[in-house]
Structures are given as C-alpha cells and as structure tokens.
Amino acid sequence: KSKPKVGYVYQEIQEKKYIYEIMGPVVSVENNISVYDTILQMFAKDVGTIFIVEGENLVGIVSRKDLLKIAIGKTDITKVPINVVMTRMPNIVYCEENDDIVDAVKKIIVHQVDSLPVVRLKEDNGKNIYQLVGRFTKTNITKLFLENVVK
Ligand code: ADP
C-alpha cells in the first residue's frame, strides 16, 4: 500500500482551498477592557489568542504568553487595559478571506505565531480599517492536513 506523498497534500491544499473555507469565528474583546477580563474571556472562549477591536476595526492581538507575562508581575491586572500589553498595528500579521492557504501557512511559520486574524481591508475617511471577519490557526491547518492525508 503506497503512502500519500506530502507533495500531493500540498497540491490539494494549494489548488482547492481558500482561507474563508476553513477559518474559524472571530474571538475578540474591546480595546479598553482590562487584562484580567481578557484572561477570563480566553478561558470562556477556549482560545489561545484574542483579538482586540475598536468597533469592527482590528487594533491588536494578545497571546497566552503576553497575558502570563503581565500576570506574573506585581501589576494589578484588573486596572491595566489590554491595549497596554497587546501587539498592535502595524505589527500584526494578517490574511484575507480569499488568500491562498499555503501563503497563510508560510506567514505563520515565518513570523512564528499561532494564529492570523482574517480581515477585510476598508477605508474610512482616508483611514485604513481592518474589519475582523475570522481567525486562521494552527488547528485549522492540522485539521486540513489530517483530511488530506487520511482520506
Ligand atoms: P504565545 O506567545 O502564547 O506562544 P504566539 O506565538 O502566537 O503565542 O505569540 C507570540 C507573540 O507574537 C506574542 O507577543 C503575540 O502578541 C504576537 N502575535 C501573535 N499572533 C500575531 C500575529 N498574527 N501578528 C503579529 N503578532 C502576533
């Protein structure tokens, strides 16, 4: 029995799949909420990364380790707003709904992150808006790999 080749998996993913087909739902909190409440949201929503928004606009991202780092210090995390500790634009690595999955996977590897926000780029009075529409994670990639190797 011959094993499926990795090249074949790559081809399947590259030819057939776009981000919108496998992305997950948005998990976000507002810009001014506390670090403490963001940690509660991380448990409640069972995710490892939370996106920070101002309305529909993506402004930041926090990972488990960002939250651990601030939580082990002497700071009162019920008083610190999440925007103090988040990674912010223009440093956020993102993808769009119609992007090729392989390109997004490369971004995750090159930038050494667990997930990418999926955004729609808009303009509002000359200001760039990153409307948050989903999230693309290492779990999405793992599922896709399993589907294409096993089936
Ligand atoms: P962890 O820190 O829990 O291992 P990540 O590897 O995803 O999780 O995050 C590493 C760092 O990169 C964190 O400081 C986080 O804020 C930041 N980060 C996470 N995802 C992104 C992204 N898509 N774009 C830019 N920075 C990110």
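Criteria and cut-off values
- Residues numbered from 1 in each chain as written.
- Predicted model: local features only at pLDDT ≥ 70, side-chain atom pairs only at ≥ 80, totals over all residues.
- Heavy atoms only, no water.
- Buried < 20%, exposed > 50% of the residue type's maximum accessible area, 1.4 Å probe, protein only.
- Helix = DSSP H or I, 4+ residues; strand = E, 2+ residues; numbered from the N terminus.
- Arc of directions from axis to C-beta.
- Contact = heavy atoms within 4.5 Å.
- pLDDT = per-residue confidence, 0-100.
- Phe/Tyr/Trp six-rings, centres within 6.5 Å; stacked < 30°, edge-to-face > 60°.
- Lys NZ or Arg CZ within 6 Å of the ring centre and 35° of its normal.

Draft legend 1. Local environment of helix α3 (residues 35-45). Here α3 has its buried residues at V35, T38, I39 and M42. Down the axis of α3, the smallest arc covering the buried residues is 105°, so these residues share one side. Residues of α3 that are exposed and angled more than 90 degrees away from the buried face: F43 and A44. In the core, the buried residues of α3 are packed alongside β1 (28-30), β2 (49-54), β3 (57-63) and α4 (64-71). At the C-terminal side of α3, D46 shows a positive phi close to 55°.

Draft legend 2. Focus on the confidence of the model for the chain. Taken residue by residue, the chain gives an average pLDDT of 91. The fraction at 70 or more is 88%. Taken over the whole predicted complex, pTM reads 0.90, whereas the ipTM for its chain interfaces reads 0.95.

Draft legend 3. Structural view of the packing of aromatic side chains. Summed over the entire model, instances satisfying the criterion amount to two aromatic pairs. Measuring from ring centre to ring centre gives 6.2 Å for Y18 and Y20, while their planes differ by 0°; the resulting arrangement is stacked. Judged by its relative accessible area of 43%, Y20 falls in the partly exposed class. It is K107 that lies over the ring of Y94; its NZ or CZ is 5.8 Å from the centre.

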